[in-house]
Amino acid sequence: MTAVLQARAITKSYAIGKREIPVLRGVDLDLHAGEKVALLGASGAGKSTLLHLLGLLDRPTAGEVRYDGRPVQDLSVAERALLRHRQVGFVFQFYHLIPELTALQNVLLARMMGTTVFGYWRQRRRARSAGVAMLEQVGLGERLHHRPAELSGGERQRVAIARALLAEPRVLLADEPTGNLDSETAQGVVELMFSIQRERDLAFLLVTHDEQLAARCDRIVRMKDGTIQGSRPGDVQPEDSAQAD
Amino acid sequence: MTPAFAPFLAWRYLLTRRINILGVCGVAFAVWAMLVVDGVFSGFVTDIHEDVRRSSPPLLLTDLPHDTDYEPLRKVLEADRDVIATAPRLRQHGMVMPFSPRDRGRRPAGSEQLEFDHTRNGFALLLGIDPDRERRIVDFGAWLDGGPAAIARYGGIRPRATAPVQDDPERRRRLQVDDEQEWRARRRAGLPAEDDPADHRSIWPGMLLGWPRVFRLDWVQKGDPFEVLVAAFPRHHAGGPLLRPCSERFAFAGWFGTGHRMFDELTALVPIDTLRQMLGESEFDEDYVELVTDVAIRPRDGLSPADLRALQRRLRAAAQAVLSPDCAPCSVLDWRQQNTTLLAAVDQEHSLMQIVLFVVMLVSAFVIYATLHMMVVQKIKDIGIVAAVGGSPRGIGTVFLLTGTIIAVLGTGLGVLAGVLSAMWLNPINEWIYRISGGRLELFPRALFDLQGIPCHLEPSWIVTVSAFAILLAVTVAFVPARRAARMHPVTALSFE
Ligand SMILES: Nc1ncnc2c1ncn2[C@@H]1O[C@H](COP(=O)(O)OP(=O)(O)O)[C@@H](O)[C@H]1O
Ligand SMILES: [Mg+2]
């Protein structure tokens, strides 16, 4: 079975002035449907960079990202945007909701990407009920018309999860989704993500610093010096946990 | 293809960001100003054009040699199938002074030669006409109605001064007043007169003055004598003086107003025969010619501009053939060409003002640019978010382009509405301001322009032009921030603090 998402020999370097600073130096990673993978690594190790590359928000300096075995580097900007919309859901540490929109509108935004105005207009009722159902599923049935500023951190992250999943992507990329939440709230958000992941058979890549959380995943990959070492849950190497902050 | 999120986000941004009201107001104000100010200006211009047109014959044969005879010209001009009528005209500068023996020794009204105002210094353009012929060229009735109407506007009360209509064509031709009117005028002026008015036969040729001159001479009555002085180079001076002055007594026969202020101030209409005699033409001379400086021409109605041009060329050629072969070329001018200087000045001012309004429009476009630019900067994070959810760069750019467009469309709509409403209510509002300020304040001093109300011509084509221009300008200007947003790197945008 081919992985939903594959990274092959990805390198990424940033130009700071005249110097090239390598962040990723050849990363290989496979992500299968129904698989939960934890991505651990010190701050500044390049976890977010890798996530952006996998989610097609950025292009690698070298190497390939493949969806269903098809390389994506030759796709146009618009095609990449469409692929991202169809295949990937992002959840960020700082929620990244649009402050002018209500919870429901933020979620519905994810339904308005690949369709024209008229296309959306024809399916607006269905889209809306899907959005409401999604928000109900994340436990925000009572908060549909609240603006982000009127929601707590946990509620905001739930809205972000609902938005990431409304377009029914096959890959969920979460970048320290609980990093900004207290442990109790974090617990709820994690359980929610895991349950939806299981239900939808998602390929789930979770960036976290939390070893215990990582241990609940199927697989742990660690980032160090721009490369990753895969491992199964349980064989936690002591120096890695010491490096993580 | 516009993705659905673009109009959705554009609309939400517009509703939630107060600053955009500024852009809408800016566009609305610019459009309003463009419509109303230009509407009023166009109104003035149209009125001026109408007045100038009313004061001018449709076509005028001019630039003729100074000894031109009317009759041969009339024959060739009226032979043209497109000419309905012609009328002879003789222009001569002169002095017009009210004659009043009582004022002898005191300062007569015509002595103020240093006055800038022609109606005071007595200077006049004498226009010799044949009333019966002239009537067929210009709207003489409107001229005669216009005089009292204009004076009434300035608070003077005058009876309607119709042209002296006499049964005798000879008297009509001389614009003579009634016997009794002249008799009374003689009595008032202390001039010799029969005891019984029935015995009197009027002899003075009549003169019609422009209403501003009559307005100055506020005691003048119909029949009152005026002294008219001309000085001319006679055609045949036979050893006499080269420059020959000649004065003649006229009866004040009425007043006129064409609405063309300069014409009304300057012109005195006199019988053409009398003026010819004053210039030394005598019917009893062997080489008498019906002297004219111009010939007024009425062409057939409904000629297309091209036909009219062709007619002008034809008439000019025909007239030139009649004139002596070595004389300078004559011209046939339409009413615009007769008044090029004034009309060009007015049109020039009109375009200047449109440029000023255009600048107002540019400023409002700049407001849109500034608000959108600010919005892009403030919404950098949103740009990253939308990209992460799957928004294409083109769609993201469209959000900002659409915001600018909606601002422009709303502003234009409001501006057009306000413009049309205030054009409709301009005069009532002006009245109201005039009333509540106790007559001290007025939007437009109507009296200054000889107008009954503020003219406002709002051409639908102008509304369409302004609207299209405003929207186009706003969209063009919105394009810059929109492109900036579209080109923003999603990761940079997401991590922007
Ligand atoms: N746009 C950028 N320009 C230059 N350097 C960057 C840029 N983005 C990230 N980096 C650098 O790349 C490294 C990895 O960053 P990141 O992927 O955010 O780390 P992590 O998410 O693992 O904490 C960091 O050293 C960071 O400074
Ligand atoms: Mg990070």
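So, how was this worked out
- Position numbers for residues start from 1 in each chain and track the written sequence from start to end.
- Numbering of ligands from 1 and lettering of chains from A proceed in the order in which they are written.
- Where totals are concerned, whole chains, interfaces and linings use all residues; where local detail is concerned, this predicted model gives features only for residues with pLDDT of at least 70, and gives and counts side-chain atom pairs only at 80 or more.
- By convention in this description, side-chain values take in all heavy atoms of the structure and omit both hydrogens and water.
- Helix numbers and strand numbers start at the N terminus; a helix is a DSSP run of H or I with at least 4 residues, a strand a run of E with at least 2.
- For every residue, the accessible area (1.4 Å probe, protein chains only) is compared with the maximum for its type, and the residue is labelled buried under 20%, exposed over 50%, or partly exposed between those bounds.
- Contact definition: two residues touch when any of their heavy atoms are within 4.5 Å.
- Reported accessibility uses the Shrake-Rupley method at a 1.4 Å probe radius. Residues are deemed covered only where the shown protein chains occlude them.
- In this description, buried area is defined as the sum, over both parts, of the accessible area (probe of 1.4 Å) that is lost when the two are combined.
- By definition here, a salt bridge exists when the distance from a side-chain nitrogen of Lys or Arg to a carboxyl oxygen of Asp or Glu is within 4 Å.
- Strands were regarded as paired on the criterion that DSSP finds at least two bridges between them.
- Here a cavity denotes a set of grid points, spaced 1 Å apart and computed over the protein atoms alone, in which a 1.4 Å probe fits but from which it cannot get out, and a pocket denotes an open set meeting protein on both sides within 12 Å along at least five of seven lines; residues with an atom within 4 Å of a point are reported as lining.
- Grid points are joined across faces, edges and corners, and a volume is the space filled by probe spheres set on the points.
- Note that Gly is not counted as nonpolar here; it falls among the polar residues with everything else outside the nonpolar set of Ala, Val, Leu, Ile, Met, Phe, Trp, Tyr, Cys and Pro and the charged set of Asp, Glu, Lys and Arg.
- Here the expected span of a helix is defined as 1.5 Å times the quantity of residues minus one.
- Here, proximity means that at least one heavy atom of the residue falls within 4 Å of the molecule or strand.
- By the criterion applied in these results, polar contacts are pairs of N or O atoms within 3.5 Å in which, for protein atoms, one can donate a hydrogen and the other can accept it, and in which residues neighboring in sequence qualify only through two side-chain atoms.
- Convention adopted: a line fitted to C-alpha atoms gives each axis, helices being fitted over their contacting stretch, and angles between N-to-C directions are expressed from 0 to 180 degrees.
- Put simply, two rings from Phe, Tyr or Trp (the six-membered ring, in Trp's case) pair if the centres are within 6.5 Å, and we call them stacked under 30 degrees between planes, edge-to-face over 60, tilted for the rest.
- Counting as a charge over the ring demands two things of the Lys NZ or Arg CZ atom: a distance within 6 Å of the ring centre and an angle within 35 degrees of the ring normal.

Draft legend 1. Summary view of the overall build of chain B. Check the secondary structure of chain B and you find 18 helices and 9 strands. Counting the 497 residues in chain B, one finds 49% classified as buried. Restricting to contacts in chain B with at least 6 residues of sequence separation, those with at least 24 account for 80%. Split by element, the accessible area of chain B, about 23,700 Å² in all, is 60% carbon and sulfur.

Draft legend 2. Representation of the interface of chain A and chain B. Each partner contributes to the interface: chain A provides 27 residues, whereas chain B provides 28 residues. Between chain A and chain B the total buried area reaches about 2,400 Å² when both faces are included, carbon and sulfur atoms providing 72% of it. On the chain A side of the interface with chain B, the three residues burying the most area are His96(A), Glu100(A) and Met113(A), jointly 25% of the side's total. A salt bridge links Lys379(B) to Glu100(A), with the nearest nitrogen and oxygen atoms 2.4 Å apart.

Draft legend 3. Main features of the environment of Ala193(B). Residues and elements named next belong to chain B. Here Ala193 lies in the loop between helix 8 (179–189) and strand 4 (206–210). For Ala193, a relative accessible area of 26% gives the class partly exposed. Sequence separation between Ala193 and Glu182 is 11 residues, and the spatial gap between their C-alpha atoms is 9.3 Å. Aside from chain neighbours lying at most four places away, what touches Ala193 is Trp183, Arg186 and Arg187.

Draft legend 4. Geometry of the pairing of strand 3 (residues 123–129) of chain B. All names here are of chain B. Of all 7 residues making up strand 3, 6 are buried, and the element is well covered by its neighbours. Pairing geometry for strand 2 (residues 83–98) and strand 3, over 7 bridges, is antiparallel. Each residue of the ladder has a partner; that of Gly94, found in strand 3, is Ala124. As judged from the 5 bridges shared by strand 3 and strand 7 (residues 267–271), these two strands associate in the parallel manner. Opposite Leu126, over in strand 7, you have Ala268 as the bridge partner.

Draft legend 5. Up close: empty space enclosed by the protein. Scanning all chains against the criterion turns up 4 cavities of 30 Å³ or more. Size it by volume and the largest cavity reaches roughly 80 Å³. Lining the largest cavity, in full, are His85(A), Val88(A), Gly89(A), Phe90(A), Phe92(A), Ala110(A), Arg163(A), Ala164(A), Ala167(A), Ala388(B) and Val389(B). Elements supplying a minimum of two residues to the lining of the largest cavity: strand 6 (88–91) and helix 6 (153–166) of chain A together with helix 15 (380–389) of chain B. Ranked by the residues each element gives to the lining of the largest cavity, the list is headed by strand 6 of chain A, at 3 residues. The class makeup of the residues in the lining of the largest cavity is 8 nonpolar, 2 polar and 1 charged.

Draft legend 6. Spatial organisation of helix 6 of chain A. With 14 residues, helix 6 of chain A should reach 20 Å at 1.5 Å per residue; the first-to-last C-alpha distance of 20 Å fits that figure. Most of helix 6 of chain A is tucked away: 11 of the 14 residues are buried. Among the residues making up helix 6 of chain A, those that are buried are Gly154(A), Glu155(A), Gln157(A), Val159(A), Ala160(A), Ile161(A), Ala162(A), Arg163(A), Ala164(A), Leu165(A) and Leu166(A). Taken together, the buried residues of helix 6 of chain A touch strand 6, helix 3 (103–108), helix 5 (124–137), strand 7 (171–175) and helix 7 (183–200) of chain A together with helix 15 of chain B. Following helix 6 of chain A by one or two positions, Glu168(A) has its phi on the positive side, about 55°.

Draft legend 7. A look at the site of ligand 1. All names here are of chain A. As a structural note, the neighbourhood of ligand 1 is formed by Tyr14, Ile16, Val23, Ala42, Ser43, Gly44, Ala45, Gly46, Lys47, Ser48 and Thr49. The contact in question runs from an oxygen atom of ligand 1 to an N or O atom on the backbone of Ala45, over 3.2 Å. Here an oxygen atom of ligand 1 and a backbone polar atom of Gly46 are 2.9 Å apart. With 3 residues, the top contributor of residues to the shell around ligand 1 is helix 1 (residues 47–54).

Draft legend 8. Inspection of the sheet that holds strand 4 (residues 62–67) of chain A at higher detail. Residues and elements named next belong to chain A. Taken together, the 4 strands give an open sheet; going across it, the order is 2-1-4-5, and neighbouring strands pair in antiparallel fashion. A single partner strand is all that each edge strand has here, and the edge strands are strand 2 (19–31) and strand 5 (70–71). Pairing between strand 4 and strand 5: 2 bridges, direction antiparallel. Following the sheet pairing, Arg66 is matched in strand 5 by Pro71. In the packing of helix 1 onto the sheet, contacts are made with strand 1 (5–16), strand 2 and strand 4, and the angle to strand 2 comes to roughly 60°.

Draft legend 9. Structural view of the packing of aromatic side chains. On inspection of all chains with the given rule, the structure shows 12 aromatic pairs over all chains. Summarising the aromatic geometry, the rings of Phe140(B) and Trp143(B) are spaced 5.7 Å apart at their centres and angled 35° between planes, so their arrangement reads as tilted. With a gap of 3 residues between them, Phe140(B) and Trp143(B) both fall in helix 6 (residues 140–153), about one helical turn apart. Judged by its relative accessible area of 2%, Phe140(B) falls in the buried class. Classification of Trp143(B) as buried rests on a relative accessible area of 1%. Put simply, the rings of Phe140(B), Trp143(B), Phe256(B) and Phe263(B) touch in pairs and so form one group of aromatic residues. Over the aromatic face of Trp121(A) sits the side chain of Arg124(A), whose NZ or CZ is 4.0 Å from the ring centroid. Geometry around Phe99(B) places Arg249(B) over its ring, the cationic atom sitting 4.0 Å from the centre.

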